[in-house]
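Remarks on the overall topology
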Amino acid sequence: MPQSWWASDVLERGGPVLLYSWVVLVMVSIVLHELAHGWAAIRLGDDTPIHAGHMTLNPLVHMGPVSLLVFALAGIAWGAMPVDPSRIRGRHGEALMAFAGPAMNLLLALIFAALAALLVALADRGVIPPLARSELAGHGWAFFSLGVMLNLALAIFNLAPVAPLDGSRVLSS
């Protein structure tokens, strides 16, 4: 049986909304994850992210061309934030900086869960049409739900104590 391209599978199973949602959510989640590392590093005394030009919302800067190519081909991606651990203050500073990325993913999961709950509450109160009868509300529910699942998965995955993942840096500290 021939393998098909991941994007065509998503389009076939979930339609264009699921595909667009996946692309947007993966890119936004990775960029904010990496920026959280950068913000934490700066707060802890390392200005490397600033001087390296990585304190930006540009996905190309964080994910790089190879990650974006793999994302286009396989639907998975990764990011990087340059830091200098020797410049980070505090005994557990490196662990805090490493944990900032997964913490951002947990925060994003909570935000998406709150937005999904708000959508359901608005539908229950009749402010918007019921989710099952409104295409827009249904797409919103799908987007927010996917945002919760993706960010929970990213947080858990990144906390695995395996180099180069964040969990290895947290554990080593």
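To keep things clear, this report deals only with the structure shown in the data block. Sequence order as written defines the numbering, with residues in each chain counted from 1. Given that this is a predicted model, residues contribute local features only at a pLDDT of at least 70 and side-chain atom pairs are listed and counted only at 80 or more, while totals for whole chains, interfaces and linings are drawn from all residues. In computing side-chain values, all of the structure's heavy atoms are included and hydrogens and water are not.

Section: the nonpolar core
Nonpolar cores are built from buried Ala, Val, Leu, Ile, Met, Phe, Trp, Tyr and Cys residues. Side-chain atoms within 4.5 Å join them into one set. Between buried and exposed lies partly exposed: a residue is buried under 20% and exposed over 50% of the maximum accessible area for its type, with that area taken using a 1.4 Å probe on protein chains only. Core analysis: the largest hydrophobic core is formed by 26 residues, its most contacted members being Leu 25, Val 26, Val 83, Met 97, Phe 112, Phe 144 and Leu 150. Secondary structure follows DSSP: runs of H or I at least 4 residues long count as helices, runs of E at least 2 residues long count as strands, and numbering of each begins at the N terminus. Sorting the residues of this core by element identifies α1 (6-43), α3 (59-74), α4 (93-124) and α5 (135-158) as the ones contributing at least two each. Residues within four places of Val 83 in sequence aside, it is in contact with Ala 41, Asp 46, Thr 48, Pro 49, Met 97 and Arg 169. The contact criterion used is simple: two residues touch if any of their non-hydrogen atoms lie within 4.5 Å.

Section: the packing of α1 against α3
Each packed pair of helices is defined by two parameters, the angle between the axes and the distance between the axes. Two elements in contact, α1 and α3, have axes whose closest approach is 11 Å; the angle formed by their N-to-C orientations is 160°. On the basis of their axis angle, the class for α1 and α3 is roughly antiparallel. Handedness of the α1/α3 crossing: right-handed. Taken together, the residues of α3 that come into contact with α1 (itself represented by Trp 6, Trp 22, Val 23, Val 26, Met 27, Ile 30, Val 31, Glu 34 and Leu 35) are Pro 59, His 62, Met 63, Leu 68, Phe 71, Ala 72, Leu 73 and Ala 74. A fitted line through C-alpha atoms serves as each axis, taken over the contacting stretch for helices, and the angle formed by two N-to-C directions is quoted from 0 to 180°. When describing relative orientation, an angle under 35 degrees is termed roughly parallel and one over 145 degrees roughly antiparallel, while 65 to 115 degrees is termed roughly perpendicular and anything else oblique. When the near helix sits turned anticlockwise from the far one by under a right angle, the crossing is termed left-handed; a clockwise turn instead gives a right-handed crossing.

With respect to the packing of α1 against α5
Contact geometry of α1 with α5 gives a least axis separation of 10 Å together with a crossing angle of 40°. One finds that α1 runs oblique with respect to α5. Taken as a pair, α1 and α5 cross one another with a handedness that is right-handed. The residues of α5 that touch α1, namely those facing Val 17, Leu 18, Ser 21, Trp 22, Val 24, Leu 25, Val 26, Ser 29 and His 33, are His 139, Phe 143, Leu 146, Gly 147, Leu 150, Asn 151, Leu 154 and Asn 158. Taken together, the residues of the contact of α1 with α5 break down into 10 nonpolar, seven polar and no charged. For this classification, Asp, Glu, Lys and Arg are treated as charged, while Ala, Val, Leu, Ile, Met, Phe, Trp, Tyr, Cys and Pro are nonpolar and the rest, including Gly, are polar.

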